[in-house]
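# Survey of secondary and tertiary structure
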Amino acid sequence: MRTLAAARTSAGQPPVDLRFPAGFQWGAATAAYQIEGAVRANGRLPSIWDTFAATPGRIAGGHTGEHASDHFRRHREDVALMAELGLSAYRFSVAWPRVRAAGGGVNAAGLAFYDRLVDDLLAAGISPAATLYHWDLPQELEDAGGWAARDTAARYGQYVAAVAARLGDRVRLWNTLNEPWCSAFLGYGSGVHAPGRRDPRAALRAAHHLLLAHGHGVAALRAAGVTGQVSVALNVGTVRPVSDAPADRDAARRIDGLLNRIFLDPLLRGAYPADVLADTAALSDWSFVREGDLDLIAAPLDALCVNYYQPDLVGAGPDGHHDADTPYPGAEGVAFHPVPGPVTAMGWSVDPGGLRDMLLRVTRDYGAPPLYVTENGAAYPDEVDADGRVRDPERTDYLHRHLAAAHEALTAGADLRGFFVWSLLDNFEWALGYDKRFGLIHVDYATQRRTVKDSAHWYGRTIAANGVDRPR
Ligand code: IFM
């Protein structure tokens, strides 16, 4: 039986059970270092990921971003593919190392690439969504202390001002940062991401300085009078205790604090959560937070962007449990449990309910800001079949179920404005190299040939219908 939503089908759209609101943004997302390649073009500076990838043993297969998906050279072809799928928005990141001139200042030739990209997107009827920092810190700034140093936040503000001056009239959605949790805790805590430091104290400083950078970035965007919405993209997650035992519930509280509230509270409430400060007191007195920082960090946003892949199931570790590799500072005693059910090629659990719960939690606890899901998707070992098709039914099913979960959240009150699939193209999956394929579009890295996967055709039909049927 069809629902009311389907009965209200607007002219020209096929009937579906779960229709999204008019004007809903249907997008796909990428990040500069993961797709662009051309790491030396037009005076681009080395980034921490160039350095990290060049360090033996850091990246699976010794892969690097040197060529990636060659998007720097093929961006016109890629925009044409986006238009073919009917995307209404495209989320890309601006590479700070392309825009910064050595020693400081602006590299106009590097910035010009994004200027062309934005114009090409608009000409194709696609709304540009720009992320200003997706993990590629210029190496010279890491050499000066990286995100553990306060000055990096101020340098970031200057960089944002330069980008805003050039693109501010055309970008429709701005993300100051992508997933500062990863930059701080994988980059400076567990060290599995660039710059590869393993220092929980530095990780906490980095988290604060990234938030401070966000504050400077928002101020620079506002000062430039940008016309698009100003936001930040967080990898907010649903954290569940493995049992109702007080120790397991406390472990879930601790991880929720260090994954979600450590960013959401300062951004949306202007204060760090007291329990997070207490949990990390043995590592830091947080004296790096200076007067005025939290006012800057909590400047009003136009939207909140959230990236979701899987929930976490946690509990108190057994006596003596000490996870020296944890990215979470001060949570060495917490044990992470596998979530029952299917997993993707990343080993990540497929749990759409976690997306619904996260969207509703943010809505309930943080005053219902307009929301975008700026990343959701799955890696599977896709291959091009002899007939030239990429059959990836698992990805279609994954996206279908997550879109249905997002719709459930919408119906229950989340102000969701758009959904971006991660990722447009197969790309460089950071420390895991090129073997994990997240793309809607398959990339043959030897030839750089693009093949639109079956899931992308499905996504195109979803966009045309502005919704999906209820998954069976
Ligand atoms: O590839 C990454 C992306 O850069 C940030 N969010 C998660 C994706 C999958 O790991």
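Higher on the page you've got the structure.
Below is a short write-up of the structure. (Residues numbered from 1 in each chain as written. Predicted model: local features only at pLDDT ≥ 70, side-chain atom pairs only at ≥ 80, totals over all residues. Heavy atoms only, no water.)

### What about the overall build of the protein chain?
Note the threshold: A run of H or I in DSSP becomes a helix once it reaches four residues, and a run of E becomes a strand once it reaches two; helices and strands are each numbered from the N terminus. C-alpha atoms define the radius of gyration, and 2.2 Å times the number of residues to the power 0.38 defines the globule rule. Whether a residue is buried, partly exposed or exposed follows from its accessible area with a 1.4 Å probe, protein chains only, as a fraction of its type maximum: under 20%, in between, or over 50%, in that order. A contact between two residues is defined here by any heavy atoms of the two lying within 4.5 Å. Note that accessible areas follow from Shrake-Rupley with a 1.4 Å probe, and for residues the cover is restricted to the protein chains shown. All tallies of charge rest on Lys and Arg as positive and Asp and Glu as negative; His and the ends of each chain are not included. All charge positions are set by atom: Lys at NZ, Arg at CZ, Asp at CG, Glu at CD.
What the protein chain contains, in helices and strands, is 16 helices and 15 strands. For a compact globule of 472 residues, the expected C-alpha radius of gyration is about 23 Å, and the protein chain comes in at 21 Å, within 12% of that figure. If you line up the protein chain on its principal axes, its C-alpha atoms span 60 × 55 × 45 Å. Residues classed as buried in the protein chain amount to 61% of the 472 residues present. If you take every contact in the protein chain between residues at least 6 apart in sequence, the share linking residues at least 24 apart comes to 76%. Per element, the accessible surface of the protein chain, about 17200 Å² overall, is 53% carbon and sulfur. Across the protein chain, the 46 positively charged side chains and the 55 negatively charged ones have centroids separated by 4 Å.

### Structural notes on the site of the ligand
The condition is simple: Only heavy atoms are used to decide nearness, and a residue is near a molecule or strand if one of them lies within 4 Å of it. Throughout this description, a polar contact denotes any pair of N or O atoms lying within 3.5 Å of each other; where both atoms belong to protein, one of them has to be capable of donating a hydrogen while the other can accept it, and for residues adjacent in sequence the pair is counted only when both atoms sit in side chains.
If you check the shell around the ligand, you find Q34, H134, W135, N178, E179, Y309, W348, E375, W422, E429, W430 and F438 and nothing else. One of the side-chain nitrogen or oxygen atoms of H134 is found 2.8 Å away from an oxygen atom of the ligand. Contact between the ligand and W430: an oxygen atom at 2.8 Å from a side-chain N or O atom of the residue. Here the ligand has 280 Å² of accessible area as a free molecule, and 95% of this is covered by the chains.

### Focus: the nonpolar core
As a rule of thumb, soluble globular proteins bury nonpolar side chains together. Stated precisely, the cut-off is as follows: Side-chain atoms within 4.5 Å link the members of a nonpolar core, which is a set of buried Ala, Val, Leu, Ile, Met, Phe, Trp, Tyr and Cys residues.
Among the nonpolar cores identified, the biggest contains 152 residues, and W49, W147, Y156, W174, L359 and Y459 are the most heavily contacted of them. Here this core gets 12 residues from one element, more than from any other, and that element is helix α10 (residues 200-223).

### Here's the deal with the sheet that holds strand β6 (residues 229-234)
To keep it simple, the criterion reads: Any two strands with at least two DSSP bridges between them are considered paired. As a rule, the C-alpha atoms of each element are fitted with a line to give its axis, helices using only the stretch in contact, and angles between N-to-C directions run from 0 to 180 degrees.
Spatial strand order, β2-β3-β4-β5-β6-β8-β11-β12: 8 strands in a closed barrel with parallel pairing. For this sheet, the mean inter-axis angle between neighbouring strands, taken without regard to orientation, is 25°. Of the pairings in the sheet, the one linking strand β2 (residues 25-29) to strand β3 (residues 89-93) comprises 3 bridges and is parallel in character. Bridged to G27 within β3 is A89. Against the sheet, helix α14 (residues 352-366) contacts β8 (304-307), β11 (371-376) and β12 (416-422), and its axis sits at roughly 150° relative to β11.

### Description of the packing of aromatic side chains
Cut-off, in case you're wondering: What counts as a ring pair is set by centres within 6.5 Å for rings of Phe, Tyr and Trp (its six-membered ring), and what kind of pair is set by the plane angle: stacked under 30 degrees, edge-to-face over 60, tilted for all other angles.
In the structure shown here, the tally under the stated rule is 34 aromatic pairs. Here the aromatic residues Y33, W49, F52, W135, F428, W430, Y434 and Y445 are joined through ring pairs into a cluster of three or more.

### Observations regarding the pattern of salt bridges
Worth spelling out the cut-off: Every case where a carboxyl oxygen of Asp or Glu lies within 4 Å of a side-chain nitrogen of Lys or Arg is listed as a salt bridge.
Under the criterion given, the structure shown has 44 salt bridges. Here R450 makes a salt bridge to D78, at a shortest N to O gap of 2.9 Å. With R450 in strand β14 (residues 449-452) and D78 in helix α4 (residues 71-85), this pair connects stretches of sequence that are 372 residues apart. Judged by relative accessible area, which is 0%, D78 ranks as buried. Here D387 ties to R391 by a salt bridge, and the two come within 2.7 Å at their closest N and O atoms.

### Quick notes on unusual backbone geometry
Among all residues save glycine, negative phi is the norm, and among peptide bonds the norm is trans. Here the amide bond leading from A194 into P195 is cis, since omega sits at 5°, within 30 degrees of zero. On the secondary structure map, P195 appears in the loop between α9 (180-186) and α10. The amide bond that connects W422 to the next residue, S423, takes the cis arrangement and shows omega of 15°. Along the chain, S423 falls in the loop between β12 and β13 (441-444). With a phi angle near 50°, E179 is a residue other than glycine that sits in the positive phi range.

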